[in-house]
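# Observations on chain architecture
Residue-level listing of the chains:
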Amino acid sequence: MSSRLFVFILICYATADKIEESDSDGYKLFTWKWEEVDQVYLITVWLLIAALAKILFNLMKPISKWLPDSSLLIIIGLALGWVLHQTTLIGTSLDSHTFFLYLLPPIIFDAGYFMPNRALFENLDSILVFSVFGTLWNTFAIGGSLLLMSHYDLFTMSFTTFEIFIFSSLISAVDPVAVIAIFEEIHVNEFLFINVFGEALFNDGVTVVLYQMFKSFALIGSENLSTLDYVKGGLSFFIVALGGAVIGVVFAVAVSLTTKYTYDVRILAPVFIFVLPYMAYLTAEMLSLSSIIGIAVCGMLMKQYIKGNITPAAANSVKYFIKMLAQSSETVIFMFLGLSTITSQHHFDLNFIIATLFFCLLYRAIGIIVQCFILNRFRAKKFEVVDQFVLSYGGLRGAIAYGLVVSIPASITAKPMFVTATIAVIYFTVFLQGITVRPLVNWLKVKKREERDATMVESVYNKYLDYMMSGVEDIAGKKGPYTLIENFERFNAKRIKPILMRHQKKESFDASKIIRAYEKITLEDAIRLASIKTTIQSGRLESTVAVHSSSNQKTVTPRHLQLEKFMNSGENIDSLYSLFSDLLDRKLLEMNTKSPASEVKGGGEDIQDDYMTEVKSRSNLAAMFRSAEQLDSDPAYNRQRRQSAGDLDAKKKNDFLRV
Amino acid sequence: MGQTTSQIPEHELEHLSIESGLSRGGILKLYSRFISLATHRDKTTNEYFLTKGDFQSIAELKQNPLGDRIIDAFFADAEVLERRKVYFKDFVKVLSHFRPINKNKPHPWNSREAKLRFAFTMYDLNKSGTITKDEFQDILEMMIGANVPKEQVNSIADRTMREADRDGDGYITFQEFCNAMEKTDIEQKMSFRFLT
C-alpha cells in the first residue's frame, strides 16, 4: 500500500484511511504512526487551516471590505472540497452530530454570556412574538405554498405533506450564527441587533419542536395519527422551550455556587464556568429539550453572579477564551458548509429552489410587517419602516438549517432535493444578503451602534432614571416595566446575590455596577493618559529626528500631527499630568481606606499580577508609567485605541469593556 | 379610599385633554388614580387635592431611595409649592411629561426637552437652575450611599461632575445636563406606554 501525502486530509472520525505498516526486519529508527494520531491530527490541521484563512482575509483588505468573512470561508471550503473531490481523497461533509455537539455550543454560549440583558428584557415582547409567531407563520406559509405548487407537478420529486413541513420548519428558522457573523460586521444599532438576534436564539425552541414533530408524524404516517398526537405536538412547544430555560437556570445557579467556593483554588474557577454550561447544553439535548435556549439562558444568568466570585484577571481570561472558542467554531462551521456542498448528495431542481427562496423572502417580509403593526400598538419604542426592512432582511439562514436537513431520515425520498435547496438558500443568505446588507444599511442611514466608551455620567444617570421612573410608576398606580425591574433588582440584591456570590452583604440596593464602572473608567483613563505621555515623548523625539532626515518625514508625519493635536487641544501637558496624578492619588487613597467587607474582588496574586495591585504595592508614578508602557506595546490594548477592521471587532471590544 | 362618585366635568376633561395632549381615556384613568389617593377636599371649590402626606403614604414609594425627590418634583411648580396642594390639573401636568412622544403630534409637555427638564429638577434640590457638586453627591448618596464608603461616593461624584461639567465652573447647567444625556434614548426611557 502506497503512502500518501497528507496535505489536505480532513476530519473523518470514522473513516480515516489506515496505512499498513511495512514488515521489515530489524530495529526501526523511524516508524510511521499515523493511526495513533490520525483523528486528532486531522482536527488540529483543520483548525489551523480555518485560522490561517481568517488571517488571510484580514490581509486582503480590499476584498474583505465588501465580502463578509463568512462568505470567504465558504469559498475556501468550496475550493478545498473541490480539490479533494478531484483527487478522490476521502471527503467528508459536516456531520450534524459534530456540528450540534461540538461546534454550535461555544457560539451560543458566547452569545448568551455577552447578551445585553437589559436590552433583551426591554424587547422581550417583540422577540417572543417574532420567534414564536413569526416562525410558525413562516413554517406553515412556506410549507403550504410549496405543497400547493407540488400539486401542479412543478417539481421533479414528490413529497408528502409532512415531509414538506419538515423542510419548511427547518428552512424558516433564522440562524443565530449567520446573524452574528453578518450583523456584527456592520455594527447596526443595539435595538435592531437584539431583536433579530433574540429572535434567532429563541426560535430554536419552536423550530426544534416543529422539526421533531413533523419528522415523527412523517415516520408514523398520517393514517396512524390521532388528534391526541396533534395536541401533544402543540404542548411540546412549551415543554421544550421552558424546559430548556429551566435547565439553563439550574446550571447557572450551579456555576455561581461552585465559583463562590473556589477562592482557594482560583485557577479552577474557569473550569466550572466552561464545563457547567456545556453540561446544560448536553443535558437539554439528552432530554430532548431546547439545548440552545438552555445554554443561552445559562450564560445570560450566570454573568452577574460569577463576576463577583472570580478575580478580574480570571474574568478577563474567561471572556477572552469564550470569544476565541466562538470565533473558531464559527470559522470552522462556515468552512465546512463550503466543503459539504461538494460532498452532499444533491438533486438540483431549479423550480423548487427558486420557489423556496421566493417564499422565504416574501413570507418573512409579510410576517414582519404584520407583527410590527400589531406590536407598535403596545410599545413605547416603535418599529419604524427602516427597522422593519432591516428586520426582514436580517432573516438569515445558516448552518443550523443545514445540520437539520442532513439529519432527515434517508427514507424520505425528496431528501436530496431538500438538501440542495437548503444549501442554495444558505448561500443566497450568506453571499447576497451578506454583501448587500452593508451598503443598504448605510444607504438607509440606519443608526449605528454607539462606538464610544461608557461614561461615568451615563452609568449614574441610568440608575437614577430607573429609580425615578419606578417611583413615578408607583404614583401613577401602574405596575409597569420599571416596577418589575426594580422589584427584581431588589429581590436579587437581597436574596439571590448573598447566596450565589461571595462577600455580599444583604443590601437593598445594588451599587456594585456603578462602582465597577467607576473603577474601570478610572483605570482606562490612567492607561490612556500614560499612553499619551509616551506618545508625546516619542513624538518629541521623532520630530527632532525629522528635522535631520527628510526621508523619515512621511513616517513621522502622522505622529507629528497627533502631537500637534494634543498640544493644541486646549489642555496642555501640565494639566494632563496633574489630572492624572490627581486621579491616581484618589484611587490609591480609596483603595487604602476601603473596608475589607466591601472588597468583593480577591486581592493578591492570581494567574498573573493584577494591574492595580502592582500600583498599590509600588505606589509611585514611575512604576505606573513603566507598566503602562508595557501595556501600550501590547497589541491587544493598542488595537482597542485604533479603528480596527478585524480581529476583536468593535462589538467584541465593547463586550470586553462591558461592565 | 375610593370615592368614585365624583366625575370630572366635561368641559374640564376637554380642556385638560387639549392642554396636556393626553387622550380622554388616559385622563380618566389618571383621575381614578388621583381620587383613590386623595384624602382632602377643598371646602370652597369641592375639588380634591393631594398633599405631601398623601404621596408619602404610597407604600412602594417608601422603598424608593429617590422617593422624596420624586414627590418634590410634583410640588416643583411655584404655585403648587406655595399652596402645598396638588390639584388634578397639576397632577396631570407632571405625569404628561411621561407620555410617549408622537412624532406626528409634537407637544411641548412631553417633548424631549420637557422630559430632560423634569429629570433635571429632581437633581436641582434648591431650584437654583444649576446642579452643584454637593447636590449631586446627595443624590448619589441616596442611591448607593448605604453600602459604599463615603470617600468612594465622593470620588464617584467628583468623577461624574468632571465629566459632565464641560466648562469647569463647578456647576452643571441644564445645557450641560442635556449634552451628557444626548446619547441616551430619553424618549424611550422616560415614557410610559400606558399614558396615551
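Source: prediction; values computed, not measured. (Residues numbered from 1 in each chain as written. Chains lettered and ligands numbered in written order. Predicted model: local features only at pLDDT ≥ 70, side-chain atom pairs only at ≥ 80, totals over all residues. Heavy atoms only, no water.)

## Here's the deal with the overall build of chain B
The condition that has to hold: By the criteria applied, helices consist of DSSP H or I runs no shorter than four residues and strands consist of E runs no shorter than two, each listed in order from the N terminus. Burial status follows relative accessibility: with a 1.4 Å probe on protein chains alone, a residue under 20% of its type maximum counts as buried, one over 50% as exposed, and anything between as partly exposed. For the area figures, the Shrake-Rupley method with a 1.4 Å probe applies, and any residue is considered shielded solely by the protein chains shown.
Each helix and strand in chain B was counted, giving twelve helices and five strands. Counting over 196 residues, chain B shows a buried share of 49%. Surface summary for chain B: the accessible area is close to 9,500 Å², and the carbon and sulfur share equals 50%.

## Focus on the overall build of chain A
Rules: Two residues form a contact once any of their heavy atoms are found within 4.5 Å.
A count of helical and extended segments in chain A gives 26 helices and zero strands. Across the 659 residues that make up chain A, the buried fraction comes to 52%. Taking contacts inside chain A between residues at least 6 apart in sequence as the whole, the part at least 24 apart equals 81%. For chain A, the accessible area works out to roughly 31,000 Å², and carbon and sulfur atoms hold 65% of it.

## Examining the sheet that holds strand β1 (residues 40–41) of chain B
Residues and elements named next belong to chain B. Operational definition: Two strands form a pair only when DSSP identifies at least two bridges running between them. Orientation is described by axes fitted as lines to C-alpha atoms, over the contacting stretch for helices, and by angles from 0 to 180 degrees between their N-to-C directions.
Pairing is antiparallel across the open sheet formed by three strands, whose spatial order is β1-β2-β3. Across the chains shown, the open sheet's two edge strands, defined by having one partner strand only, are β1 and β3 (86–87). Bridging between strand β2 (residues 48–50) and β3 involves two bridges; their strand directions are antiparallel. Counterpart to L50 in the pairing with β3 is V86. The strands that helix α2 (residues 24–37) touches are β2 and β3; relative to β2, the one it contacts most, it runs at about 75°.

## Section: the confidence of the model for chain B
Residue and element names in this part refer to chain B. Quick note on the threshold: Confidence scores labelled pLDDT are given residue by residue by the predictor and lie between 0 and 100.
Averaged over all residues, the pLDDT of chain B equals 79, while 94% of them reach at least 70. Model confidence for chain B, summarised as mean pLDDT per element, is weakest for helix α6 (residues 78–83) at 76 and strongest for helix α7 (residues 88–96) at 85. The low-confidence segment residues 1–5 (pLDDT under 50) makes seven contacts with residues lying over four places distant or belonging to another chain. Interface confidence for the predicted complex, expressed as ipTM, amounts to 0.87; the pTM equals 0.70.

## Re unusual backbone geometry
Look at A:S288: it is not a glycine, yet its phi comes out positive at around 55°. Summarising the element assignment, A:S288 is placed in the loop between α11 (269–286) and α12 (291–307).

## Some remarks on the packing of aromatic side chains
Note the cut-off: Only rings of Phe, Tyr and Trp enter the pairing, Trp through its six-membered ring, and a pair is recorded when the two centres are within 6.5 Å. The plane angle decides the type: under 30 degrees is stacked, over 60 is edge-to-face, the rest tilted.
According to the stated counting rule, one finds 33 aromatic pairs over all chains in the structure shown. Centre to centre, the rings of A:F130 and A:F383 are 5.8 Å apart; their planes meet at 65°, and the pair counts as edge-to-face. With a gap of 253 residues between them, A:F130 in helix α6 (residues 124–150) and A:F383 in the loop between α14 (350–376) and α15 (385–393) connect regions that are remote in the sequence. Each member of the pair, A:F130 together with A:F383, is buried. Measuring from ring centre to ring centre gives 5.2 Å for B:F98 and B:F118, while their planes differ by 85°; the resulting arrangement is edge-to-face. Of this pair, B:F98 sits in the loop between α7 and α8 (112–123) while B:F118 sits in helix α8, and the two are 20 residues apart along the sequence. The exposure class assigned to B:F98 is buried, which follows from its relative accessible area of 0%.

## With respect to helix α3 (residues 69–86) of chain A
The following threshold applies: Expected span of a helix, by definition, is 1.5 Å for each gap between consecutive residues, and there is one gap fewer than residues.
End to end, α3(A) covers 26 Å across 18 residues, agreeing with the expected 26 Å (1.5 Å per residue, within 8%). For α3(A), every residue scored as buried is listed here: A:D69, A:S70, A:S71, A:L72, A:L73, A:I74, A:G77, A:L80, A:G81 and A:L84.

## Section: the UniProt feature "domain: EF-hand" (unreviewed entry) in chain B
Threshold: UniProt positions are given in the numbering used here, feature names are shortened, and annotations may be inferred rather than shown by experiment.
With numbering aligned to this structure, UniProt lists the feature "domain: EF-hand" (unreviewed entry) at residues 111–146 and 152–187 of chain B. Across residues 152–187 of chain B, the secondary structure splits into 61% helix and 8% strand, with the terminal C-alpha atoms separated by 32 Å.

## So, the nonpolar core
For clarity, the threshold we go by: Within this scheme, the nonpolar core is defined by two criteria: the residues are buried Ala, Val, Leu, Ile, Met, Phe, Trp, Tyr or Cys, and they are joined through side-chain atoms within 4.5 Å.
By size, the foremost hydrophobic cluster in this structure holds 139 residues, and its most contacted members are A:F352 and A:F418. Take this core: its biggest share by element is 17 residues, from helix α9 (residues 190–220) of chain A. Of all hydrophobic cores here, the second largest spans 72 residues; its members include B:F55, B:L95, B:F174 and B:M181.

## Describing the interface of chain B and chain A
We count it as follows: A simple way to read buried area is as the amount of 1.4 Å-probe accessible surface that goes missing from two parts once joined, with both sides added. One side-chain nitrogen of Lys or Arg within 4 Å of one carboxyl oxygen of Asp or Glu is enough to make a salt bridge. Under the rule applied, a polar contact is a pair of N or O atoms within 3.5 Å (in protein, one hydrogen donor and one hydrogen acceptor; residues adjacent in sequence only if both atoms are side-chain atoms). Residue type decides the class: Asp, Glu, Lys and Arg count as charged, Ala, Val, Leu, Ile, Met, Phe, Trp, Tyr, Cys and Pro as nonpolar, and the leftover types, Gly among them, as polar.
Listed per partner, the contact involves 53 residues of chain B and 52 residues of chain A. Of the roughly 4,900 Å² buried between chain B and chain A, counting both surfaces, carbon and sulfur atoms make up 66%. The interface formed by chain B and chain A contains zero salt bridges. Here chain B is connected to chain A by three residue pairs in polar contact (both at pLDDT 80 or more). Here the side of chain B that touches chain A takes ten residues from helix α10 (residues 150–164) of chain B, the largest share from any one element. Counted by class, the side of chain B that touches chain A contains 31 nonpolar, nine polar and 13 charged residues.

## A word on a nonpolar patch on the surface
Residues and elements named next belong to chain A. The condition that has to hold: Candidates for patches are residues over 30% relative accessible area with no salt bridge; among them, like charges are joined within 9 Å and nonpolar side chains (Val, Leu, Ile, Met, Phe, Trp, Tyr) within 5 Å.
Side chains of W137, F358, L362, I366, V370, F373, I374 and F378 sit close together on the surface and give an oily, nonpolar patch of about 780 Å² of accessible area. Among the elements that line the nonpolar patch, the one with the most residues is α14, at six residues. If you trace the backbone, F378 turns up in the loop between α14 and α15. Relative accessible area serves as the criterion here: at 53%, F378 is assigned to the exposed category.

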